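Coordinates in review
Here are the chains, one letter per residue:
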Amino acid sequence: EIRANGQKLAWTHDPLDMHALRVEVPAGADHVEVSLDAALQTEQGYSEGASSTERLLFLMWNERLLFPKGIDAEQYTAQATLRVPQGWAASSGAGYSVQPDGSLRFEELPLARLIDSPVQVGRHLKVVDVPGSAPHPELAHRISIAADSDAALSLPDDFAAGYGRLVAEAGALFGSRMYRHYTWLLTLSDHIATYGLEHHESSDDRRAEFALLDPDLRKETATLLSHEYVHSWNAKYRRPAGLVSPDFQKPMDGSLLWVYEGLTEYWG
């Protein structure tokens, strides 16, 4: 439902852009109010992967936002508030504060950075602090693990130290840390899509529920986390030409995607 000046506005889907809505804003209106309900897919389906179960949720802001077409997403700021189920914890690359009503108020960010900072929420969630290293040992690194059960959160004794070596190797390789802090958002479930997706200060890493309890699956998970971590430099801090656009409507030129992914795979 879209409203302005106290009245309900008619809208239609754009016939060419499946992600756009067309609405004519009446003269004199200084803002538009939009309310919507969106259902979460809870099992795997054709052409779409689930991101939630009864015990966890991975929230991607771009799937829950409407904003004016044609804006510069680096200049247009947004501030989000999220209410999570009682007793659940949340992790994100974006900072947030808990409000008196229990909701989470996220820091005000450019829209592009908010979308680049998804939120992991879960009933069973553990945060592991990872040792920092040169060139900026003071920066925080952590692995936030949400799972469908407490049993899946059992970790080997050297888990944090092992990923501390990854942080050290990346520091030696790149000689810089281009983030304020970094959080791997590792989600363990047999009922959501399994893949990895890079972000600048975090990554969306999804594996089977008991991936950390099996030595072989734990090694596969390590290759995923190292790959997405490298993307913080190669893809987010520096991106191949053609793969940057000012908004989320303009198509990108993927001619150098082999640098974006291939070089990241090599370094990872």
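Relevant structure appears above.
Computed from a predicted structure; not experimentally measured.

Counting its regular elements, the protein chain contains 4 helices and 18 strands. Its C-alpha atoms give the protein chain a radius of gyration of 20 Å, near enough to 18 Å, the size a compact globule of 268 residues would have. Summarising its shape, the C-alpha atoms of the protein chain cover approximately 60 × 45 × 40 Å along the three principal directions. In the protein chain, which comprises 268 residues, the share counted as buried stands at 42%. Put simply, of all contacts in the protein chain between residues at least 6 apart along the chain, 63% involve residues at least 24 apart. Accessible area of the protein chain: about 14800 Å², with a carbon and sulfur share of 53%. The averaged location of the 38 negative side-chain charges in the protein chain is 2 Å from the averaged location of its 23 positive side-chain charges.

This model, assessed by the stated rule, comprises 10 salt bridges. Here the residues in one salt-bridge network are Glu107, Arg113, Arg180 and Glu201, joined through shared partners.

Because the α-helix completes a turn every 3.6 residues, residues three or four places apart line up on one side. Taken together, the buried positions of helix H4 (residues 257-267) are Val259, Tyr260 and Thr264. Down the axis of H4, the sector holding all buried residues measures 105°, keeping them to one side. Seen from the buried face of H4, the exposed residues on the opposite side, beyond 90 degrees, are Trp258, Glu265 and Tyr266. Taken together, the buried residues of H4 touch strand S17 (196-198) and helix H3 (215-230).

This paragraph deals with the nonpolar core. The biggest cluster of nonpolar side chains holds 24 residues, and the ones touching the most others in it are Ile143, Ile145, Trp184 and Tyr229. Of all elements in the fold, only strand S14 (124-130), strand S15 (141-147), helix H2 (159-174), strand S16 (182-188) and H3 reach the threshold of two or more residues within this core. No other element matches H2, which puts 5 residues into this core. If you look at the next biggest cluster of nonpolar residues, it comprises 21 residues, including Ala80, Val84, Phe106 and Val121.

Thresholds applied
Residues numbered from 1 in each chain as written. Predicted model: local features only at pLDDT ≥ 70, side-chain atom pairs only at ≥ 80, totals over all residues. Heavy atoms only, no water. Helix = DSSP H or I, 4+ residues; strand = E, 2+ residues; numbered from the N terminus. Rg over C-alpha atoms; globule rule 2.2 N^0.38 Å. Buried < 20%, exposed > 50% of the residue type's maximum accessible area, 1.4 Å probe, protein only. Contact = heavy atoms within 4.5 Å. Areas by Shrake-Rupley, 256 points an atom, 1.4 Å probe, with all protein chains shown as cover. Lys, Arg positive; Asp, Glu negative; His and termini not counted. Charge placed at Lys NZ, Arg CZ, Asp CG, Glu CD. Salt bridge = Lys/Arg side-chain N within 4 Å of Asp/Glu carboxyl O. Arc of directions from axis to C-beta. Core = buried A, V, L, I, M, F, W, Y, C linked by side-chain atoms within 4.5 Å.

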